[in-house]
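Topology and contacts: notes
The primary structure of each chain is shown beneath.
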Amino acid sequence: NQTLTAELLSVALEAAERAGTLLKEGRPADLGVAATKTSSIDVVTEMDIAAEKLITGFLAERRPHDGLLGEEGASSEGSSGVRWVIDPIDGTVNYLYGLPSWAVSIAAELDGEAVVGVVAAPLRGETYRAVRGEGAYEGERRLRCRPAPAFEQALLGTGFGYLTARRAAQAEVLRMLLPEVRDIRRGGSAAIDLCDVACGRLNGYYERGLNPWDYAAGALIAREAGALTGGRPGAAASGELTVAAAPGFFEPLQARLEELGAWHD
Ligand code: IPD
């Protein structure tokens, strides 16, 4: 299996690098919204579509028997037991506005479990990667999450969904939590937020309403850097709730989010 994961990692890195270059160099100055999804603020640009096409085309060439799940609609079963989970641009709104915090996120799952994760953030000049059981890295640097802080010293990341009712509920949780911690960032890319937990740039991260392509790669990278990831107490990270933080801080954060009802709208 190490030969397989090494191959999957090299394919993921090359796909992310090619898509990252396209997105960085090919972004039209007058980039606009090509379509909307769940609401008028949930947008897709022509570059999301072009980057997903590039990635799925590359994967079809290199790994023709694998399954696919992509944010912009790629979906196929495959027969190899491997499935690729792809977000061509995580942080589309940042990309649209020209803010630098966006990433290409690619995970490979084997029998339903993430075994390889790559998050390439070209405008940060950083590509994060992890293989299950083998640690997380950025270039030569091994990533390790920051040790658990006192609750009131924690720097958190979070994000908001695109639906009005959900946002109102998320604002309510934020209203309660913000006075209890050091601060809360809203970076605009869940994949990068999870990598920031892995790097020790955030103590923790939580969000309700993510899709698998937003967190599959980043959550593996956070875990391989020593963080715990999950959802509500006892549950795995999911669209209901995704939480990532160092052991010792993960548990109180998860418990507080449960008390605040961060998992419902
Ligand atoms: C979004 C980003 C954002 C998060 C949203 C996601 P997208 O992904 O990860 O940080 O708050 O929930 O939908 O739409 O830019 O791929």
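Residues numbered from 1 in each chain as written. Predicted model: local features only at pLDDT ≥ 70, side-chain atom pairs only at ≥ 80, totals over all residues.

Here we come to the overall build of the chain. When you go through the chain residue by residue, the secondary structure sums to 7 helices and 15 strands. A compact globule built from 265 residues should have a C-alpha radius of gyration of about 18 Å, and the chain, at 17 Å, falls within 12% of that. When its C-alpha atoms are laid out on the principal axes, the chain stretches across 50 × 45 × 30 Å. Taken across its 265 residues, the chain has 47% of its residues classed as buried. Summarising the internal contacts of the chain: among those between residues at least 6 apart in sequence, 63% fall at separations of at least 24. (Helix = DSSP H or I, 4+ residues; strand = E, 2+ residues; numbered from the N terminus. Rg over C-alpha atoms; globule rule 2.2 N^0.38 Å. Buried ≥ 20, exposed ≤ 12 C-beta atoms within 10 Å, placed from the backbone. Contact = placed C-beta atoms within 7 Å.)

Among the nonpolar cores identified, the biggest contains 75 residues, and Ile 106, Val 119, Leu 194, Ala 198 and Ile 221 are the most heavily contacted of them. Each of domain 1 (2-142) and domain 2 (151-259) contributes no fewer than three residues to this core. (Core = buried A, V, L, I, M, F, W, Y, C linked by C-beta atoms within 7 Å. Domains from an automatic or database assignment.)

Counting buried positions along strand 7 (residues 113-121) gives 8 out of 9 residues, so the element sits mostly inside the fold. Counting the residues in the hairpin turn of strand 6 (residues 103-110) and strand 7 gives 2 residues, including Asp 111, whose phi is positive at 45°. Summarising the sheet, strand 7 and strand 8 (residues 126-131) pair through 6 bridges and their orientation is antiparallel. Bridge pairing in strand 8 places Ala 121 opposite Glu 126. In sequence, strand 7 turns back onto strand 8 through a hairpin of 4 residues, with Gly 125 there showing a positive phi of about 65°. (Pairing = 2+ DSSP bridges.)

Here, UniProt's "binding site: Mg(2+) 1" (unreviewed entry) annotation points to Glu 71, Asp 87, Asp 90 and Asp 214. What stands out for the annotated residues spanning 144 residues is how close their C-alpha atoms remain, the widest pair being 9.2 Å apart. For Glu 71, the location among the structural elements is in the loop between strand 3 (67-70) and strand 4 (75-76). According to the C-beta neighbour criterion, Glu 71 is buried, with 22 such atoms within 10 Å. The contacts of Glu 71, once residues within four sequence positions are left out, are Glu 52, Ile 86, Asp 87, Pro 88, Asn 211 and Trp 213. When you line up the elements, Asp 214 lands in helix 6 (residues 212-224). (UniProt positions renumbered as here; feature names shortened; annotations may be inferred.)

Surveying the vicinity of the ligand reveals 15 residues, the closest of which are Asp 90, Thr 92, Gly 159, Ala 190 and Asp 214. Considering only residue class, the shell around the ligand consists of 3 nonpolar, 7 polar and 5 charged. Three or more residues apiece are contributed to the shell around the ligand by two domains, here domain 1 (2-142) and domain 2 (151-259). (Near = placed C-beta within 6 Å. Nonpolar A, V, L, I, M, F, W, Y, C, P; charged D, E, K, R; others polar.)

Another aspect to go through is the sheet that holds strand 15 (residues 242-245). In spatial order, the strands read 12-11-13-15-14; together these 5 strands make up an open sheet with mixed pairing. Each end of this open sheet is capped by a strand with a single partner; those strands are strand 12 (183-185) and strand 14 (228-230). Sheet twist, expressed as the mean angle between neighbouring strand axes with direction ignored, is 20°. Bridge count between strand 11 (residues 155-158) and strand 12: 3 bridges; the pairing is parallel. Bridged to Gly 157 within strand 12 is Arg 185. Lying over the sheet, helix 5 (residues 190-199) contacts strand 11, strand 13 (204-207) and strand 15, oriented at roughly 155° with respect to strand 13. (Axes fitted to C-alpha atoms, helices over the stretch in contact; angles between N-to-C directions.)

Time to look at the confidence of the model for the chain. Of the residues in the chain, 100% reach a pLDDT of 70 or more, and the chain-wide mean stands at 96. Across the interfaces of the predicted complex, the ipTM metric reaches 0.96, alongside a pTM of 0.97. (pLDDT = per-residue confidence, 0-100.)

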